[in-house]
Structures are given as C-alpha cells and as structure tokens.
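# Notes for the structure review
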Amino acid sequence: MKKTIAITRGDGCGPEVVNEAVNILKIVSDFTEFDFEFIEAPAGGEVWKKYGTNLPEQSFETIKKSDALLFGAIGLPDLKPGIAESAILKIRQGLDLYVNLRPIKLYQVLREICPLKDEFIGDGIDITFVRENTEGLYKNIGKLEENSAENLMLYTREGCERIIKFAFEFAKRKGHNKVTSVDKANILKPSQLWRSIFHEMSKSYSKIEIEDIYIDAFCQWLIRAPFKFQTVVTGNMFGDIISDEAAFLIGSLGMASSGNIHPGKVSMYEPIHGSAPDIAGKGIANPIGTILSVKLMMEESFNSLEIGNEIDHAVEAALQEGRTVDIRSNSLKTLSTIEMGDLIASKLKRRLKA
Ligand code: IPM
Ligand code: MG
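Residues numbered from 1 in each chain as written. Chains lettered and ligands numbered in written order. Predicted model: local features only at pLDDT ≥ 70, side-chain atom pairs only at ≥ 80, totals over all residues. Heavy atoms only, no water.

### Details of the overall build of the protein chain
Counting its regular elements, the protein chain contains 12 helices and 14 strands. Principal axes of the C-alpha set define a box for the protein chain whose edges measure 50 × 50 × 40 Å. Within the span of the protein chain, comprising 354 residues, buried residues form 53% of the whole. If you take every contact in the protein chain between residues at least 6 apart in sequence, the share linking residues at least 24 apart comes to 73%. Here the protein chain displays about 15800 Å² of accessible surface, and carbon together with sulfur accounts for 50% of that area. (Helix = DSSP H or I, 4+ residues; strand = E, 2+ residues; numbered from the N terminus. Buried < 20%, exposed > 50% of the residue type's maximum accessible area, 1.4 Å probe, protein only. Contact = heavy atoms within 4.5 Å. Areas by Shrake-Rupley, 256 points an atom, 1.4 Å probe, with all protein chains shown as cover.)

This is how it looks when you write it as structure tokens:
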C-alpha cells in the first residue's frame, strides 16, 4: 500500500523529534505491507524568516496532495507570538481538520512519575479528548484596537454536530460506555447550543451514557478523579487548555500526541508540545509524543489498528529500559532523543519481524 507522507520538521526541537518518528515510519514501511514515501513541506518560524511566510504555497500544495502530514513543532522565541504558529491554524482551517484527537494514557510503567497520589490515579488514566478544531475563538474573527480588542466565539450547528458525532462514533469504536461533554453553558451562548446538540445526538447512541461538566469544574475533576473519564468532547479553546493540563498526568507534555483529522481526508499528526526553544539542539527532547502521533496516523488515516498497537507496545517496552530527562527514573538509564528513538525502533522492528 503506497502512501505519501508530507513532513514538516518545524522549529526548535521539532526536527529532532520528527527524525525519530520518521524512523518509526521507515520501519513500518520496511516490515509491513505499507510503502511510505516522504516529501518535505517546510513551515514555521525559520521558513518565515527566509521567505516572509510561515506556510509557503508549495508546502501547502505538497500537503494537500499527500496522504497524511507529520508535523514537528513551530515557533521561535525571537518572533512575536503567532508569527510562526499561525501556520498550524492555516493548515487546520485550510484542510478543514475539524477533529483534534488527543489521547491521554498513563503507561503503567510511568505510574511512579505521575504527579497525582496513587488514590487519585485509581485504576489508571486513559482518556481521549475530542477537541473541536475549526470553530469558536479559533475562527480568528475579531479586531485589535488601541483601547479594546475582541474575538468572536462562533459555533454553528453543523460544526457542533460533526464533532459530537465523531466523539460518539469514536466512543463506540473503542468500546467506551460514557461520553463527557465539557462546556460553559451557564454563561456562554455557544455552549448552550453545543449542549442541546449533544443531548439531541446522544439519543442515537442509547448504549452510551452521557455526562455534562462545566469547564471550571472539569479542570478540578481531571486531577481529582481522572479514572472516571473515557471520551471527552469539548470546544476548541477549552480543549486547548485542558489537554495541556491532562498531558502532565501522563508524565510529561513530551509524551502527548495528537491528530488533526478530517475523516477520509489528508490529516495532520503532531505532538502536543511546542518547539521548546530552551532545550532545542541539546538532543534531550522526548520523541514519544511524536512517535505516538505516528501511531495515531496509522490508526486514523491508514486504518491499521494493529500497527498502532505494535507502536504502543514498543513504546511501553522501551520505557522499561530507559528514559529521556523529562520522564527520568533513578533506576533507569537517561537517554538522548536519538537513543530513545532507537530503542523504540528496535523494539518495534523485533515485534514486526515476529
Ligand atoms: C495546540 C497549540 C496551538 C493551539 C497553537 C500553537 C496555535 O497550543 O495545538 O494545542 O492553540 O491549538
Ligand atoms: Mg495547546
């Protein structure tokens, strides 16, 4: 199965983590029926400095023609906030990637470094956030003036329906028995529309229990009883914030993966973390968030749960032998980005060969 994968390496530690994830894709290509071809699609801050645009037309054309996009991280400390980062929003909007899928799973082997006390971890953390990815405050409708500034939080019925439907279908596919919706319906009009659509649509999924929680309360429950949640569906801004909070529960922001998805169309996979300029070039970034984004790519774009599973097992096995600094363990070797990537790659190779 021939597939073309566009690669945006990005800024800061982006190229370092992408290298390791591309190695994983090469192993999949070598040892399974998949045959991947890689094509570069530069974007971000360095590109902006060179060409005056953070997403050259040619990069976007390349991305549109590919089967999926692997994206590192973008942003540079010497550029104003947003100059580089808006490329991400251009891709999300330009490809209509309305789902932002953000799984938060605590590996058993990382339980010891989870910042929560054991009683709050309960029988484990395995939550998938389904974040709306094209509407709300991120539509970027607004203006900035000298003495005031505004953004419009716009949600449409169609926009709410498609993301909520995805969440229910996802829950069904994963055998989840509950979908939690996070909103601010006590204050915000868009949340009131969202909530009524959530209830309407839940009627078609009678086997799935539903739950509504306000965003402020949810932020507390997420650290108080994370084991209660399975699929969590929410709007764009809330999803951005709670996914960073959630990422710390699995050991480090460096562990968290994501998929920007339009089912059946070219979708983009990226770690949740940013370009981390403070550690860029030091070879210490954790490549797992990006490698697990490849896992999501295999599952959501290439329909291969099996290979996704193999990547997951390879990561778990590697974590028993060594760790990057962000998830350091006193009893295990501390590894560089490349060493961590190689260890996972060797585990995966062994599994796929077998
Ligand atoms: C994320 C990031 C982006 C967002 C930024 C970089 C535009 O924080 O993917 O969570 O706000 O969505
Ligand atoms: Mg974010």
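### Points about the domain arrangement of the protein chain
Looking at the assigned domains, one finds that the protein chain contains domain 1 (1-101 + 257-354) and domain 2 (115-249). When the two sides are added together, the surface that domain 1 and domain 2 hide from each other amounts to roughly 1400 Å², 52% of it contributed by carbon and sulfur. Applying the counting criterion to the domain 1 and domain 2 interface returns two salt bridges. Arg162 is the partner of Asp96 in a salt bridge, and the nearest nitrogen-oxygen pair spans 2.8 Å. Between the two partners, domain 1 and domain 2, sit nine residue pairs in polar contact (both at pLDDT 80 or more). When contributions to the side of domain 1 that touches domain 2 are tallied by element, the ones reaching two or more residues are helix H4 (86-94), strand S4 (99-105) and helix H10 (288-301). Class assignment for the residues of the side of domain 1 that touches domain 2 results in eight nonpolar, four polar and four charged. (Domains from an automatic or database assignment. Buried area = accessible area lost by both parts, 1.4 Å probe. Salt bridge = Lys/Arg side-chain N within 4 Å of Asp/Glu carboxyl O. Polar contact = N/O pair within 3.5 Å; in protein donor to acceptor, adjacent residues only side chain to side chain. Nonpolar A, V, L, I, M, F, W, Y, C, P; charged D, E, K, R; others polar.)

### Some points on the packing of aromatic side chains
Scanning the model with the defined rule gives nine aromatic pairs in all. Each ring, one from Phe218 and one from Phe229, has its centre 4.8 Å from the other, and the planes form 50°; the classification is tilted. Linking Phe218 in helix H8 (residues 215-224) with Phe229 in the loop between H8 and strand S10 (231-234), this pair joins segments that are 11 residues apart in sequence. For Phe229, a relative accessible area of 2% translates into the label buried. Above the face of the Tyr138 ring, Arg131 is positioned so that its terminal group lies 5.0 Å from the ring centre. It is Lys228 that lies over the ring of Trp221; its NZ or CZ is 4.9 Å from the centre. (Phe/Tyr/Trp six-rings, centres within 6.5 Å; stacked < 30°, edge-to-face > 60°. Lys NZ or Arg CZ within 6 Å of the ring centre and 35° of its normal.)

### What to know about the packing of helix H1 (residues 14-31) against helix H12 (residues 337-353)
Running from N to C, H1 and H12 cross one another at 15°; their axes reach a closest spacing of 10 Å. Of the possible angle classes, the one that applies to H1 and H12 is roughly parallel. For H1 against H12, the interelement crossing comes out right-handed. Contacts between H1 and H12 involve Glu16, Glu20, Ile24, Ile27, Val28 and Phe31 from the former and Thr337, Ile338, Gly341, Asp342, Ile344, Ala345, Leu348, Lys349, Leu352 and Lys353 from the latter. Here the residues of the contact of H1 with H12 sort into nine nonpolar, two polar and five charged. (Axes fitted to C-alpha atoms, helices over the stretch in contact; angles between N-to-C directions. Parallel < 35°, antiparallel > 145°, perpendicular 65-115°, else oblique. Left-handed = near helix turned anticlockwise from the far one by under 90°.)

### Describing the sheet that holds strand S1 (residues 2-10)
Sheet strands pair by backbone hydrogen bonding; their relative direction is either parallel or antiparallel. The 10 strands are arranged S2-S1-S3-S12-S11-S4-S5-S10-S8-S9 in an open sheet whose pairing can be described as mixed. Since the sheet does not close on itself, it has two edges, and those belong to strand S2 (35-40) and strand S9 (209-214), each with one partner. For this sheet, the mean angle separating the axes of adjacent strands, direction not counted, is 25°. Pairing between strand S8 (residues 178-183) and S9: six bridges, direction parallel. Directly across from Asp183, in S9, lies its bridge partner Tyr214. On top of the sheet, H1 reaches S1, S2 and strand S3 (68-73); it is set at about 165° to S1, its chief contact. Its contacts with the sheet place H8 against strand S5 (126-132), S8, S9 and S10, and it is angled at close to 105° to S9. (Pairing = 2+ DSSP bridges.)

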